[in-house]
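Listed below are the residues making up each chain.
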Amino acid sequence: MTRNPSTDLYRNPELQFRGEIPSGRIGWRSPSNIALVKYWGKKPVQLPQNPSVSFTLKNSNTETVLEYMPADERGMDVVFYFDGERNEQFEKKTKNFFDSLKDTFPFIGRLKFVIHSKNNFPHSAGIASSASGMSALALILCDLERNYFNTLTDDDEFFRKASYIARLGSGSACRSVYGGISLWGDTEGLPGTSDLYAFPVQQDIHPDFLTYRDTILLIDAGQKKVSSRVGHSLMDKHPFAKQKYKLARKNLKVLLDAMSRGDFQTFIRITELEALSMHAMMMTSNPYYLLMKPNTLNIIERVFNFRQKQNTPVSFTLDAGPNVHLLYPAAYRNVVMNFIENELMPYLTAGGYIDDEVGNGPERIKDKNGEIKVGG
Ligand code: 2P0
């Protein structure tokens, strides 16, 4: 059988239980991330049309604890509790995801899983919960493999495989397994980069960008009308797709260079260009659609004015939604917080904002005795 590296790179029939089927519990806390150069458009299976780069967030994360035990005669099964309540939608999604991984982790076919998961940020925040949720699950599966089979003992290998598995769950999730700054996608001149998994780039980055802040301004709590899955697929026949992918490649190079030199002005120009060009794709696809709201634009206008008048290096980026991420160096925190309190509050929902910053990446969940607690 020919291998497709996009799904079969880690296919390993050896990973089968010998003898008694184990039971146990593993938990990981994994963060969301915000893309600076966007992944928007993909090829099969779950490969990006252009490389993307993101800040891993510190405070916005998913905590997932997975209990595993021998499956009954019906085979692999998943029970999913989200925020303490059984969630059939997540249950189905996770079961399909695990089914798709049976050649990679043959042992999962003989287990039953009870999963407890919770996010510490609101659903409607426009923070990528698929990134934190899928990366947590991927880390747990790799940890289960490492515990039982004594594989993946090298941390680089462990996180690379976790990133690969997370990618199969949700593209942007592969970037969440690393702290600081993550890059996903083959990038000319950067050895180690791949379309199959993300790559940590912080060693070449100016320290100001490793403590950067992201204050997420909540503008609209409603469900968005077009999902990211549909948004990606609308890029397949988009008349501007080729140019967009080319522009993103160029933007990525310019951005990384600016981030290594500590050049805020170029960082500002590229992050805003990337956010607006992704939304321009939405506005010019067939069918076209808009995810920005009037208050998204009100805030962008205010950011432009404030930056000019106050000479403060604050920029915005947008995810696939109406909320605005304000990005700025930690040294400007007070100035930007005053700006938000004095000028932006009238445009925000009752939720206000979420104060976040660049974080160190996922961690295994343990309590004081080294044991984990079941979340939810
Ligand atoms: C990103 N986003 O780079 C881009 C920018 C949102 C805006 O990737 O279909 O949930 O699961 O691979 O990763 C959101 O889409 O899509 C996204 P799938 P995903 O973060």
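Refer to the structure presented above.
Model, not experiment: these values are computed from the prediction.

Peer 1: Kindly report on the site of the ligand, identifying the contributing residues and their values.
Peer 2: With respect to spatial proximity, 15 residues lie near the ligand, and among them K42, S170, G171, S172 and R175 are the closest. At a separation of 3.3 Å, an oxygen atom of the ligand approaches a polar side-chain atom of S130. Side-chain polar atom of R175 to an oxygen atom of the ligand: 2.8 Å apart, as the coordinates give it. Coverage of the ligand by the protein chains reaches 91% of its 470 Å² of free accessible surface. Classifying every residue of the shell around the ligand gives four nonpolar, seven polar and four charged.

Peer 1: Tell me about unusual backbone geometry, residues and numbers included.
Peer 2: The residue after P44, namely V45, is reached through a cis peptide bond having omega -15 degrees. Topologically, V45 is positioned in the loop between β2 (42–43) and β3 (47–48). The phi torsion at Q46 lies on the positive side, around 60 degrees, for a residue other than glycine. Of note, Q46 is situated in the loop between β2 and β3. Given the relative accessible area of 13%, Q46 is considered buried. Here N311, not a glycine, exhibits a phi torsion of approximately 55 degrees, which is positive. The topology assignment puts N311 in the loop between α8 (294–310) and β11 (315–318).

Peer 1: Residue-level account of the environment of Y81, with values.
Peer 2: Among the structural elements, Y81 can be located in strand β5 (residues 77–82). Here Y81 falls in the partly exposed class, since its relative accessible area comes to 26%. Residues Y81 and Y164, spaced 83 residues apart in sequence, show a C-alpha to C-alpha distance of 25 Å.

Peer 1: An account of the packing of aromatic side chains is requested, with residue identities and associated values reported.
Peer 2: For the structure on display, the rule yields 25 aromatic pairs. Seen from their ring centres, F80 and F90 are 5.5 Å apart, and the 65 degrees between their planes marks the pair as edge-to-face. In this pair, F80 is assigned in strand β5 and F90 in helix α2 (residues 88–100), connecting sequence segments ten residues apart. Through pairs of rings, three or more aromatic residues link up here, namely F17, F105, F107, Y148 and F149. The positively charged end of R146 is found above the aromatic ring belonging to F158, 3.9 Å away from the centroid.

Cut-off values and rules
Residues numbered from 1 in each chain as written. Predicted model: local features only at pLDDT ≥ 70, side-chain atom pairs only at ≥ 80, totals over all residues. Heavy atoms only, no water. Near = heavy atom within 4 Å. Polar contact = N/O pair within 3.5 Å; in protein donor to acceptor, adjacent residues only side chain to side chain. Areas by Shrake-Rupley, 256 points an atom, 1.4 Å probe, with all protein chains shown as cover. Nonpolar A, V, L, I, M, F, W, Y, C, P; charged D, E, K, R; others polar. Helix = DSSP H or I, 4+ residues; strand = E, 2+ residues; numbered from the N terminus. Buried < 20%, exposed > 50% of the residue type's maximum accessible area, 1.4 Å probe, protein only. Phe/Tyr/Trp six-rings, centres within 6.5 Å; stacked < 30°, edge-to-face > 60°. Lys NZ or Arg CZ within 6 Å of the ring centre and 35° of its normal.

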